[in-house]
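# Per-entry structural report
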2 protein chains.
Amino acid sequence: MSGEFNLIEKYFVGRQNQRKDVLLAAGDDCALVQVPTNLSVAISTDTLVAGTHFLASADPAWVAHKALVSNISDLAAMGATPAWVSLALTMPEPNEVWLAPFCDAFFKLADYYGIQLIGGDTTKGSLSLTLTVQGLVDPIKALRRNGAQVGDWVYVTGSLGDSKAGLDVILDANLANKPYAQELEKRHYLATPRVLVGQALLGLASSAIDISDGLISDIKHILQRSQVGVSLDVSKLPISNELIQFLGSRSKAQQYALTSGEEYELCFTAPEQNKGSLDSALSHCGASITCIGQIRPQGTFDLHSNSQPVNWDLSGYDHFK
Amino acid sequence: MSGEFNLIEKYFVGRQNQRKDVLLAAGDDCALVQVPTNLSVAISTDTLVAGTHFLASADPAWVAHKALVSNISDLAAMGATPAWVSLALTMPEPNEVWLAPFCDAFFKLADYYGIQLIGGDTTKGSLSLTLTVQGLVDPIKALRRNGAQVGDWVYVTGSLGDSKAGLDVILDANLANKPYAQELEKRHYLATPRVLVGQALLGLASSAIDISDGLISDIKHILQRSQVGVSLDVSKLPISNELIQFLGSRSKAQQYALTSGEEYELCFTAPEQNKGSLDSALSHCGASITCIGQIRPQGTFDLHSNSQPVNWDLSGYDHFK
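Everything numeric here is computed off the predicted structure, so don't read it as measured data. Residue numbers restart at each chain and count upward from 1, following the sequence in its written direction. Naming scheme: in the order in which they are written, chains are lettered from A and ligands are numbered from 1. Residues qualify for local features only when their pLDDT is at least 70, as the model is predicted, and side-chain atom pairs are given and counted only at 80 or more; totals for whole chains, interfaces and linings, by contrast, use all residues. In computing side-chain values, all of the structure's heavy atoms are included and hydrogens and water are not.

What follows is about the packing of helix 2 (residues 60-76) of chain A against helix 3 (residues 96-112) of chain A. All names here are of chain A. Axes here mean lines fitted to C-alpha atoms, for a helix over just the part in contact, with angles spanning 0 to 180 degrees between N-to-C directions. The way it works is that DSSP assigns letters per residue, a run of H or I at least four long becomes a helix, a run of E at least two long becomes a strand, and they are numbered from the N terminus. Contact geometry of helix 2 with helix 3 gives a least axis separation of 7 Å together with a crossing angle of 40°. Between helix 2 and helix 3, the angle falls in the class oblique. As for how helix 2 packs across helix 3, the hand of that crossing is right-handed. For the pair helix 2 and helix 3, the contacting residues are Pro60, Ala61, Val63, Ala64, His65, Leu68 and Val69 in the first and Trp98, Pro101, Phe102, Ala105, Phe106, Leu109 and Ala110 in the second. An angle counts as roughly parallel when it lies under 35 degrees, as roughly antiparallel when it exceeds 145, as roughly perpendicular when it falls between 65 and 115, and as oblique in every other case. Left-handed describes a crossing whose near helix is turned anticlockwise from the far helix by less than a right angle; the clockwise case is right-handed. Here, residues are in contact when the closest pair of their heavy atoms is within 4.5 Å.

Set out below in structure tokens:
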């Protein structure tokens, strides 16, 4: 399909260390990779479209970062170790001013996570990228959405809400003078996928998901798959001081934390007896974790703040709404 | 990333038989698949953009066919057995009139090749699709581009040139009354990936590639990777009677055969001693094969017709040109 060989040779080939399990990368009809016995391949695909997921004027390095993180985050949510990525890049013309910083950032981050570009396609059209990432994981231990049990505790990594505030800044120039506006915009693009946390949770967490659509939307997938309910204490939600300063209200920041998409933090559940092990397993992962609630019987969806019920109108983030 | 759950549930989930090696398909952060010991995973990604690779007004079933075939053809060119596919679909709005026939055709063809949809993404933007297909192949036997040796014979499957003529018809309404115009248009969209041929060539062919950019462009990849040259007899090129009728000249049809992209036939090389084995191995694959030339020392690129040199201006198909 692709005929843009000079483009590929110049920007994409030979930019990374070769993983030993990659038998063949760019330069043939397919890439060829080897999978260790007893491990399975975890695969995820995400598309980022200019105008929908990032502004065409956004820093290409930030776009590369967001694209890779949104994909690697899906591997993290399964506890998988990142391995390979394919990149399909569509652009109106071979714009080298855009490609050079995009590729620099892409390969720097890919190398950091030990993930090798094994192929892809470059085509002509409006700007968008589709990444397919693959990782390796023990299929018995892999974190899934369907293992939450009544009584399990609900946790999130990092803090929530900054990404939505950053998006506000991106979409409304009037907000640029609000406190921490630039910092929040940066956090929207430059999230950290929780790869080490996901791996540390193998054997400890009963379910996990990454927060890409918003905590409420995403936790509902765990509830649906696990056939359980939940009780969440919004006063426990981890929120940055910068977000509270930006929004001017803790209550508004809590609402942001519940609905903010593209956070790429993990939400996971774990049984009571693993609480101690969790603390020690996660102490070296560089991410804080916060217990925000507990799994309840199916049908329960309880939001409260220090035992007081909250009645906010919250809706998730849907690209077609 | 994706928030269009109703769309995915309605059109994509539960539409196929479950492969035994798919541990987890749609419905979690990643798909999980199992790879047999001793086999490697072959991976290829192709993007089709409306306006570049198909007309937005094209039959959605034909678009589905072309998208899958262009990807499966890359597996065929390695001799890999198709296994799994991810589909990233970007469209301006969730258009059910388009999606229903697209999905029907997509799943029908995927089932035919035993390839299961394991995930993907649906996003808002101008119409395009990116597929990542994966197949399984013995890494020792996998057909590559770099194994052609001086003296090997050069073969192609099927016939060449129809796809380019079909594209002419698509792009120029004035050609609709020419002989076989509609048939050639259909052939452009509805090519056959040579999966069985690819598998039959394992251990027999010294190199292989699928014809996606045009015979001349594609065979040059074999020459470059194998550090050899080639001599091709254009009078041997397999050409359909319909193409000759449509173009009105055998010479023009031969030029089409040399440059027509998106054919998805295989071009491969094999040593003299495998000639007999090739004939018997390929007799049950439902595709004719034709010997069109011979591998020569590096630096040779000789086009002739019954020993007479030809001097046509031929250039490949480059999406950015």
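What follows picks up the thread again.
The definition of a nonpolar core used throughout is a set of buried Ala, Val, Leu, Ile, Met, Phe, Trp, Tyr and Cys residues joined through side-chain atoms within 4.5 Å. Residue exposure (1.4 Å probe, protein chains only): buried if accessible area is under 20% of the type maximum, exposed if over 50%, otherwise partly exposed. Membership of the largest hydrophobic core comes to 63 residues, with the highest contact counts inside it found for Phe12(B), Leu87(B), Phe102(B), Phe106(B), Leu129(B) and Leu201(B). Here this core takes nine residues from helix 3 (residues 96-112) of chain B, the largest share from any one element. If you look at the next biggest cluster of nonpolar residues, it comprises 62 residues, including Phe12(A), Met78(A), Leu87(A) and Val195(A).

Attention now moves to the UniProt feature "domain: PurM-like C-terminal" (unreviewed entry) in chain A. UniProt positions are given in the numbering used here, feature names are shortened, and annotations may be inferred rather than shown by experiment. The residues that UniProt annotates with the feature "domain: PurM-like C-terminal" (unreviewed entry) are residues 149-299 of chain A. Summarising residues 149-299 of chain A: 42% helix, 18% strand, and an end-to-end C-alpha distance of 13 Å.

Bringing the sheet that holds strand 13 (residues 308-309) of chain B into the picture now. Two orientations exist for strands paired in a sheet by backbone hydrogen bonds: parallel and antiparallel. Residues and elements named next belong to chain B. Paired strands are those between which DSSP finds at least two bridges. Judged by pairing direction, the sheet is mixed, and its seven strands sit side by side in the order 8-10-7-11-9-12-13 without closing on themselves. Unpaired on one side and paired on the other, strand 8 (207-210) and strand 13 mark the two borders of the sheet. Bridging between strand 8 and strand 10 (residues 266-270) involves four bridges; their strand directions are antiparallel. Of the residues in strand 10, the one forming a bridge with Asp210 is Leu266.

All names here are of chain B. When we look at burial in helix 9 (residues 250-259), the residues that qualify are Ala253, Gln254, Tyr256, Ala257, Leu258 and Thr259. Along its buried surface, helix 9 packs onto helix 4 (162-171), helix 7 (215-226), helix 8 (241-247) and strand 12 (301-305). Between N or O atoms, a polar contact is any pair within 3.5 Å; within protein, one atom must be a potential hydrogen donor and the other a potential acceptor, and residues adjacent in sequence are included only when both atoms are from side chains. Where helix 9 begins, one side-chain oxygen reaches toward the backbone nitrogen of Ser251, 3.3 Å away; that side chain belongs to Ser249.

Moving on: the side chain of Gln134(A). Here Gln134(A) lies in strand 6 (residues 128-137). Here the side chain of Gln134(A) touches Gln134(B) through a polar contact of 3.1 Å, side chain to side chain. The contacts of Gln134(A), once residues within four sequence positions are left out, are Val41(A), Ala42(A), Ile43(A), Leu75(A), Pro82(A), Ala83(A), Trp84(A), Ile43(B) and Gln134(B).

Turning next to the relation of the copies chain B and chain A. Superposition of the copies was done by least squares, using only C-alpha atoms of residues whose pLDDT is at least 70 in both. The transform that puts chain B on chain A rotates by 180° and translates by 0.0 Å along the axis, for an RMSD of 0.0 Å. With respect to symmetry, the two chain copies, as superposed, fit the operation of a two-fold axis. Closest approach to the rotation axis among the C-alpha atoms of chain B is made by Thr37(B), whose C-alpha sits 3.1 Å away. Here 100% of the contact residues of chain B are again contact residues in chain A; the copies associate through an equivalent surface.

Residue and element names in this part refer to chain B. Not every positive phi belongs to a glycine, and Tyr180 is a case in point at roughly 65°. With respect to the helices, strands and loops of the structure, Tyr180 is situated in the loop between helix 4 and helix 5 (181-189). Residue Tyr180 is classed as partly exposed on the basis of its relative accessible area of 42%. Of note, Asn306 is a non-glycine position whose phi angle comes to about 50°, a positive value. Mapped onto the fold, Asn306 is located in the loop between strand 12 and strand 13.

This paragraph deals with the UniProt feature "binding site: ATP" (unreviewed entry) in chain A. Residues and elements named next belong to chain A. When the UniProt feature table is mapped onto this chain, "binding site: ATP" (unreviewed entry) is found at Gly120, Asp121, Arg145 and Ser212. On the basis of their most widely separated C-alpha atoms, the annotated residues across 93 residues do not gather in one place, lying as much as 31.8 Å apart. For Asp121, the position within the fold is in strand 5 (residues 116-124). A relative accessible area of 1% means that Asp121 is categorised as buried. For Ser212, the location among the structural elements is in the loop between strand 8 (207-210) and helix 7 (215-226). The buried category is assigned to Ser212, whose relative accessible area is 5%.

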